[in-house]
Amino acid sequence: MGKITDNENAPGINAGNPESKKIFDSPLLFKPLIEQSLNPIYVIKNDKLVYVNAAWEKLFGYSADEVYQPDFDYIKIVAEESVNFITSRRKNPLVTENTKSNYEFTGKTKDGRKVNLVANVSQILINNEQFVLGIYQDITETKKIHNSLKETEQRLRNIIENSTILFYSHTPDHRITYVSPQSKTFLDCEPEEALENWQNFLTDNPINNIGVERTNIAIRTGKPQPPYELELKTKKGRIIWVEVHEAPIVENGKTVAMVGSLTDITIKKQAEQALIKAKEKAEESDKLKSQFLAQISHEIRTPINIILNFASLISNEMKHKIDADIKEYLKIMDSSGRRIVRTIDLILNMSEIQTGTYNPIYKMIDIQNDILKPAYEEFKEFIKDKNLAFEIKMLTNQTKLLADEYSVFQIFHNLIHNAIKYTPAGKIEINVNRDTAKNLIVEVNDTGVGIAKEYLPRLFHPFTQEEQGYSRKYEGNGLGLALVKKYCEINNAQINVESEKGKGTTFRVIFPS
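Since the structure is predicted, the reported quantities are computational estimates derived from the model, not experimental observations.

Visitor: Any details on the overall build of the chain? Residues and values, ideally.
Guide: The number of helices and strands found in the chain is 13 helices and 17 strands. Residues counted as buried form 40% of the 513 residues belonging to the chain. Within the chain, contacts between residues at least 6 apart in sequence are counted, and of these 56% link residues at least 24 apart. For the chain, the exposed surface amounts to about 30,000 Å²; the carbon and sulfur share of it is 53%.

Below is the structure:
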């Protein structure tokens, strides 16, 4: 600690101020300690400042010379809001030795800046004369932090009290220690009425066991768990659903409390349950529809097959005895009958898919010999009648795959049928190949009418066609490609399509290796 050897030159000492020099000459005061103190220190005699240290000068911006002037009133260092308080203290000064007091007020510097101060004041005797010794502590920054924290606390309180979310805390043994005012709307009770074991609000819904277990894990491990849902019963017996977000408060490695929030999801859960019921009802209706279609289709198919068989018998027996017109009529009858049978087959197949009664049988099949060649044989006459070129290109000799033979045959039966139907003239080409990942790729290309770009997103929807109504050019019911998509899913295959109106279409089926 430094030692002041020349009192006349010590900071804050004025040669023209004998009271200041008298104080420093006193053996009762430690001169270096006072002058080097970071806290502003002052001495008052007869309601006038007779000494200030360097820290005081620095804080208020007044020099000791200014302070010691006869007309300097120390009320100048008091902010307006504290003037009345300081004035009242001047009227009731400390009167006895060792009397002490401390108080808080707002000071004002020479340049008008406000500072928050705590004053520690005591009455002292120096050479049998009474003085008031004061030490200021600048708490401006502390006050700012305190006010900021207070404002933040008030904002949080406003958020909590005006939120639609309920906030709570509970002990590790599940007793609620705090609940926000939202308990009135959530639990039908005042906050203080909810201070009990939170499990008392649970219904007997088994889903609540998940929430209880997650809370216990969080308490045990000290780690937050995923949000969960609870079904609660309020004080008035009302049933509500809530979503719970909570986290443990851990001290010294031990969970001392749980804090969390509840969001009312009752309306959401009711909507979900209504959707589930509506979905179940729709699925049931869909099954009934499919069962009805299957039954009606069977009833239609039996007499149609009889008609076709007799028409074929008549055609074969009478082919040399009937004229060309009758032969054409029989051919139209056969074609129309087969169209009805195809429609019935498609309806039956879709019915099986939608009712879940189709059971695939997976085995090793050869895409060329088991699928494509038989399909070609079935359509050979159709292709010949339309004078179309037809080619199967085998670009790989690895043609076997594990799949359901019937559904794979139906995939290409429908794709080839469509290619022939929608190609007035030109060529149909089927390419079989393996890609670098050994996936089997089968492409069905045609030079037909093509598909409009706008229709492609609905291409695989059932009962849809690009052209609708009685004026459409091509017959069909819109089930073929919908079934192709379903059969691809059964075989874990992907299907995509590329088409340009007026130029043709490519369907690409990819079977995984």
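Visitor: Residue-level account of the side chain of Thr140, with values.
Guide: Following the sequence through the fold, Thr140 ends up in helix α6 (residues 140–162). There is a polar contact of 2.6 Å between the side chain of Thr140 and the side chain of Asp138. Every residue in contact with Thr140, bar those within four places of it in the chain, is listed here: Val115 and Asn116.

Visitor: I'd like a rundown of the nonpolar core, residues and numbers included.
Guide: Counting 46 residues, the largest nonpolar core has Ile367, Phe412, Leu415, Val509 and Phe511 as its most contacted members. Within the residue set of this core, elements represented by two or more residues are α10 (324–355), α11 (367–385), β13 (400–404), α12 (405–421), β14 (427–434), β15 (440–446), α13 (480–490) and β17 (504–511). Among the nonpolar cores identified, the runner-up in size contains 33 residues, and Val43, Leu49, Phe60 and Tyr103 belong to it.

Visitor: I'd like a description of the pairing of strand β9 (residues 239–251), backed by residues and values.
Guide: Where strand β8 (residues 228–233) and β9 come together, six bridges link them in antiparallel fashion. Within β9, the position partnered with Leu230 by the bridge is Val242. Both β9 and strand β10 (residues 254–264) contribute to a ladder of ten bridges, which runs antiparallel. Each bridged residue has a counterpart across the sheet, and for Ala247 the counterpart in β10 is Val259. In sequence, β9 turns back onto β10 through a hairpin of two residues, with Asn252 there showing a positive phi of about 55 degrees.

Visitor: So, empty space enclosed by the protein: which residues are in play, and what are the values?
Guide: Scanning the entire structure with this criterion turns up three cavities of 30 Å³ or more. As a volume, the largest cavity reaches approximately 180 Å³. Lining the largest cavity are 14 residues; nearest its centre among them are Tyr168, Ile176, Trp198, Leu232 and Leu262. If you list the elements that add at least two residues to the lining of the largest cavity, you get β6 (166–170), β7 (176–179), β8 and β9. Looking at the lining of the largest cavity, its residues break down into twelve nonpolar, one polar and one charged.

Visitor: Any chance you could break down the pairing of strand β4 (residues 114–126) for me, citing the residues and the numbers?
Guide: In terms of residue burial, β4 counts as a mostly covered element, since ten of its 13 residues are buried. Bridging between strand β3 (residues 100–108) and β4 involves nine bridges; their strand directions are antiparallel. For Lys100, the partnering residue across the bridge sits in β4 and is Ser122. Counting the residues that bridge the hairpin from β3 to β4 gives five residues, and of these Gly112 lies at a positive phi of roughly 90 degrees. Note that β4 and strand β5 (residues 129–138) share ten bridges and pair antiparallel. By the bridge assignment, Gln123 is partnered in β5 with Val132. The loop that links β4 with its antiparallel partner β5 comprises two residues; one of these, Asn127, has a positive phi angle of about 55 degrees.

Visitor: Break down the sheet that holds strand β16 (residues 494–500) for me, with residues and values.
Guide: Spatially, β12-β14-β15-β17-β16 is the arrangement adopted by the five strands of the open sheet, whose pairing is mixed. Edge positions in the open sheet fall to β12 (389–394) and β16, since each of these has one partner strand only. Across the sheet, the mean angle from the axis of one strand to that of its neighbour is 10 degrees, orientation sign disregarded. Judged from the seven bridges that link them, β14 and β15 form a sheet pairing that is antiparallel. Note on β15: the bridge partner recorded for Glu429 is Asn445. Where α11 meets the sheet, its contacts fall on β12, β14 and β15, and the angle it forms with β12 comes to roughly 175 degrees. Together, β12, β14, β15 and β17 form the strand contacts of α12, whose direction differs from that of β17 by roughly 170 degrees.

Visitor: Could you give an account of a nonpolar patch on the surface, naming the residues involved and the relevant values?
Guide: A contiguous nonpolar surface patch, about 460 Å² in accessible area, is contributed by Ile306, Phe310, Leu313, Ile314 and Met318. In this structure, Met318 sits in helix α9 (residues 266–318). Assessed through its relative accessible area of 32%, Met318 is described here as partly exposed.

Visitor: I'd love a proper account of the packing of aromatic side chains, names of residues and values included.
Guide: Working definition: an aromatic ring pair is given by the centre-to-centre distance plus the angle between the planes. For the structure on display, the rule yields twelve aromatic pairs. Both rings, one in Phe412 and one in Phe511, keep their centres 6.3 Å apart while their planes meet at 45 degrees; by these two values the pair is tilted. Residue Phe412 is located in helix α12, and its partner Phe511 is located in strand β17; the two are separated by 99 residues in the primary sequence. Relative accessible area serves as the criterion here: at 0%, Phe412 is assigned to the buried category. Its relative accessible area of 2% is what places Phe511 among the buried residues. Looking at Arg90, its charged tip hangs above the ring of Tyr74, at a distance of 4.5 Å from the centre. Cation over ring: Lys485 sits above Phe460, and NZ or CZ is 5.7 Å from the ring centre.

How each quantity is defined
- Residues numbered from 1 in each chain as written.
- Predicted model: local features only at pLDDT ≥ 70, side-chain atom pairs only at ≥ 80, totals over all residues.
- Heavy atoms only, no water.
- Helix = DSSP H or I, 4+ residues; strand = E, 2+ residues; numbered from the N terminus.
- Buried < 20%, exposed > 50% of the residue type's maximum accessible area, 1.4 Å probe, protein only.
- Contact = heavy atoms within 4.5 Å.
- Areas by Shrake-Rupley, 256 points an atom, 1.4 Å probe, with all protein chains shown as cover.
- Polar contact = N/O pair within 3.5 Å; in protein donor to acceptor, adjacent residues only side chain to side chain.
- Core = buried A, V, L, I, M, F, W, Y, C linked by side-chain atoms within 4.5 Å.
- Pairing = 2+ DSSP bridges.
- 1 Å grid on protein atoms, 1.4 Å probe; cavity = no way out; pocket = protein on both sides within 12 Å on 5 of 7 lines; lining within 4 Å.
- Points joined across faces, edges and corners; volume = space filled by probe spheres on them.
- Nonpolar A, V, L, I, M, F, W, Y, C, P; charged D, E, K, R; others polar.
- Axes fitted to C-alpha atoms, helices over the stretch in contact; angles between N-to-C directions.
- Patch = residues over 30% accessible without salt bridge, like charges linked within 9 Å, V, L, I, M, F, W, Y side chains within 5 Å.
- Salt bridge = Lys/Arg side-chain N within 4 Å of Asp/Glu carboxyl O.
- Phe/Tyr/Trp six-rings, centres within 6.5 Å; stacked < 30°, edge-to-face > 60°.
- Lys NZ or Arg CZ within 6 Å of the ring centre and 35° of its normal.

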